[in-house]
Amino acid sequence: MIPVMTQNMTIKQKAAPKAVTRKKTAPKAAQKSLPLDNILKGDCIELMNSLPEKSVDVIFADPPYNMQLKGELHRPDNSHVDAVNDSWDQFSGFDAYDKFTRNWLTAARRVLKDTGTIWVIGSYHNIYRVGSIIQDIGFWVLNDIVWRKSNPMPNFRGTRFTNAHETLLWCNKGEGFNKYTFNYEAMKAFNDDVQMRSDWLLPICSGSERLKVNGHKGHSTQKPEALLYRVLLSSTNKGDVVLDPFFGSGTTGAVAKKLGRHFIGLEREDKYIKLATDRIKDIEPLEGDIIEITPAKRSLPRVAFGTLIENGMIKPGTILFGPGKRHAAKVRADGTLISADSKGSIHQVGASVQNAPSCNGWTFWNIEVNDNLIPIDHLRAEVRANMN
Ligand SMILES: C[S@@+](CC[C@H](N)C(=O)[O-])C[C@H]1O[C@@H](n2cnc3c(N)ncnc32)[C@H](O)[C@@H]1O
């Protein structure tokens, strides 16, 4: 059972997760007083202001979009379209929406660690207003991700293009706050070894994933778990704390629990708290090395090319080859290479033989073993494996 707390309750003390792979800036006391894996009931601005400063690793926010939908919408067969016309999405005008946005983003910034990042999802109705305010407050936009829906709702009236995407702004706390988590290698591996791009093609939440209450949608804007999976996989580590100030049906909590992250959900409405609570209690968390993240190359221990010579993996005098054997260079005892026209480090000679401004010598040069070319990077990986 997930504990639900109201604003008047004292925040429960719970042990902080063990340190993860990078430095945390929050004082330990702040971590300890977090209501981990809880849903707090109340207004998200007041609740965020009650949490310790700089205490959460990532914020995922799916705020009201202020859609201003007017009247009922019907399909060509006259069936009724379930549009988002909930009272929580209504504002008296842009001024009221902007004020609300500024207030919750300010509260979010206070509670976010300096190493943290914030995600805000929105549509054309609100994302430009959010984008401007988020920058005014001092956040720095790292990416705007376009979630392209593979199965969008058609434009029934035929008066506009089909609205087939939403936008996620991913921001750190400002230009200088660069120690945030981005699991670049993991996302590349996830994407069949191709860099993950900023346009994500994913279906909207439907079928058995869509929560129902008495045969109707349990929440009008339930986000797909696949979307949160990418968000959390890319920007958090095991044990991190993810805050969602607009928890709704608890999609963020469900995926956080599955991936071994902690969540804190804030939500005003009892019916959604119940929905989320029931949903999350059934989630089986993945554990152990299954949820280890492929480390970023820059966080791996440094191995110099000379180390491969020192430990006998490459002998001085060995010829290294570029791809397809189009270039060759000889290894010298001091760890430099010499080719027909140049000498220097593996990177310098790699760049020089290709007439390129720069080169990653580790991935460019290969040794020949039984007629096969093996990248010297593989030897470096062996050295690293033995360092652990
Ligand atoms: C767009 S929905 C979030 C949906 C959620 N991402 C999901 O997958 O189910 C926004 C939610 O924020 C809640 N909400 C709106 N204003 C709030 C506020 N000031 N404080 C707390 N919750 C609020 C609404 O009740 C609604 O459930």
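The rules behind these values
- Residue numbers here run from 1 along each chain, matching the order of that chain's written sequence.
- In keeping with the predicted nature of the model, local features appear solely for residues at pLDDT of at least 70, side-chain atom pairs appear and are counted solely at 80 or more, and the whole-chain, interface and lining totals rest on all residues.
- Where side-chain values are given, they derive from all heavy atoms of the structure, hydrogens and water being excluded.
- Where helices and strands are cited, they refer to DSSP runs of H or I of at least four residues and of E of at least two residues respectively, numbered from the N terminus.
- A 1.4 Å probe rolled over the protein chains alone gives each residue an accessible area, and that area as a share of the maximum for its type sets the label: buried under 20%, exposed over 50%, partly exposed in between.
- Every residue pair with non-hydrogen atoms within 4.5 Å of one another is taken to be in contact.
- The cutoff for a nearby residue is simple: one of its non-hydrogen atoms must lie within 4 Å of the molecule or strand.
- As used in this structure description, the phrase polar contact means that two N or O atoms lie within 3.5 Å; if the pair is within protein, one of them must be able to donate a hydrogen and the other to accept it, and residues adjacent in sequence are counted only when both atoms belong to side chains.
- A 1.4 Å probe and the Shrake-Rupley method give the accessible areas. Residues count as covered only by the protein chains that appear here.
- The rule for a salt bridge is simple: a side-chain nitrogen of Lys or Arg has to be within 4 Å of a carboxyl oxygen of Asp or Glu.
- Residues belong to a common nonpolar core when they are buried Ala, Val, Leu, Ile, Met, Phe, Trp, Tyr or Cys residues joined through side-chain atoms within 4.5 Å.
- Note on aromatic pairs: the rings of Phe, Tyr and Trp (six-membered ring only in Trp) are paired at centre separations within 6.5 Å, and the planes decide the class, stacked below 30 degrees, edge-to-face beyond 60, tilted for the rest.
- Placement of a charge over a ring requires the Lys NZ or Arg CZ to be within 6 Å of the ring centre, with the centre-to-atom vector within 35 degrees of the ring normal.

Visitor: I'd like a rundown of the overall build of the protein chain, residues and numbers included.
Guide: Looking only at helices and strands, the protein chain has 12 helices and 17 strands in total. In the protein chain, buried positions account for 46% of the 388 residues. Across the protein chain, contacts joining residues at least 24 apart in sequence account for 68% of those joining residues at least 6 apart.

Visitor: So what's going on with the side chain of Asn126? Which residues, and what values?
Guide: Summarising the element assignment, Asn126 is placed in the loop between β4 (112–122) and α4 (127–137). Beyond its immediate sequence surroundings of up to four residues, Asn126 is in contact with Pro63, Pro64, Tyr65, Tyr97 and Ile121.

Visitor: Just give me the short version of the site of the ligand, but keep the residues and values in it.
Guide: Close to the ligand lie 22 residues, the nearest being Asp62, His219, Ser249, Thr251 and Glu267. Cys44 is positioned with one of its backbone polar atoms (N or O) 2.9 Å from a nitrogen atom of the ligand. With respect to the ligand, the side chain of Glu267 contributes an N or O atom lying 2.6 Å from an oxygen atom. Protein coverage of the free-state accessible area of the ligand, which is 610 Å², stands at 99%.

Visitor: Residue-level account of the pattern of salt bridges, with values.
Guide: Per the stated rule, a full pass over the model turns up 15 salt bridges. Arg197 is the salt-bridge partner of Asp199, the closest N and O atoms lying 2.7 Å from each other. On the basis of relative accessible area, Asp199 is assigned to the partly exposed category, the value being 39%. Measuring nitrogen to oxygen at the nearest pair gives 3.0 Å for the salt bridge that ties Glu225 to Lys258. Linking Glu225 in helix α6 (residues 225–235) with Lys258 in helix α7 (residues 251–258), this pair joins segments that are 33 residues apart in sequence. Using a relative accessible area of 15% as the deciding quantity, one classes Glu225 as buried. Residues joined by salt bridges that share partners form a network here, namely Lys54, Asp114 and Lys173.

Visitor: Tell me what's going on with the nonpolar core, and back it up with residues and numbers.
Guide: Counting residues in each nonpolar core, the largest one holds 34 residues, and the members touching the most others are Trp104, Ile118 and Leu243. Of all elements in the fold, only α2 (44–50), β3 (56–61), α3 (94–111), β4, α4, β6 (165–172), β10 (241–244) and β11 (262–267) reach the threshold of two or more residues within this core. When residues in this core are grouped by element, the largest group, seven residues, is from α3. In this structure, Leu243 is in contact with Met48, Leu51, Val56, Val58, Ile59, Phe60, Val111, Ile264 and Leu266, ignoring residues within four places of it in sequence. Leu228, Phe247, Val255 and Ala256 belong to the second largest nonpolar core, which has 33 residues in total.

Visitor: Could you give me a rundown of the side chain of Asn183, with the residues and numbers involved?
Guide: For Asn183, the location among the structural elements is in the loop between β6 and α5 (184–190). The class for Asn183 is buried, based on a relative accessible area of 7%. Other than its neighbours up to four places away in sequence, Asn183 contacts Leu233, Ser234, Ser235, Thr236, Asn237 and Ile293.

Visitor: Before we move on, could you go through the packing of aromatic side chains and cite the residues and values that matter?
Guide: Summed over the entire model, instances satisfying the criterion amount to 14 aromatic pairs. Taken together, a centroid distance of 5.2 Å and an interplanar angle of 40 degrees make the contact between Phe91 and Phe100 tilted. For Phe91, a relative accessible area of 23% puts it in the partly exposed group. Plain terms: the ring middles of Phe100 and Phe246 are 6.0 Å apart, the flat faces sit at 65 degrees to each other, and that makes the pair edge-to-face. Taken as a pair, Phe100 in helix α3 and Phe246 in the loop between β10 and α7 lie far apart in primary sequence, 146 residues in all. No difference in accessibility class separates Phe100 from Phe246, as the two residues are buried. Just above the ring of Phe94 sits the side chain of Arg129; from NZ or CZ to the centre is 3.9 Å.

Everything listed here is a matter of coordinates, which is why it stays silent on function.
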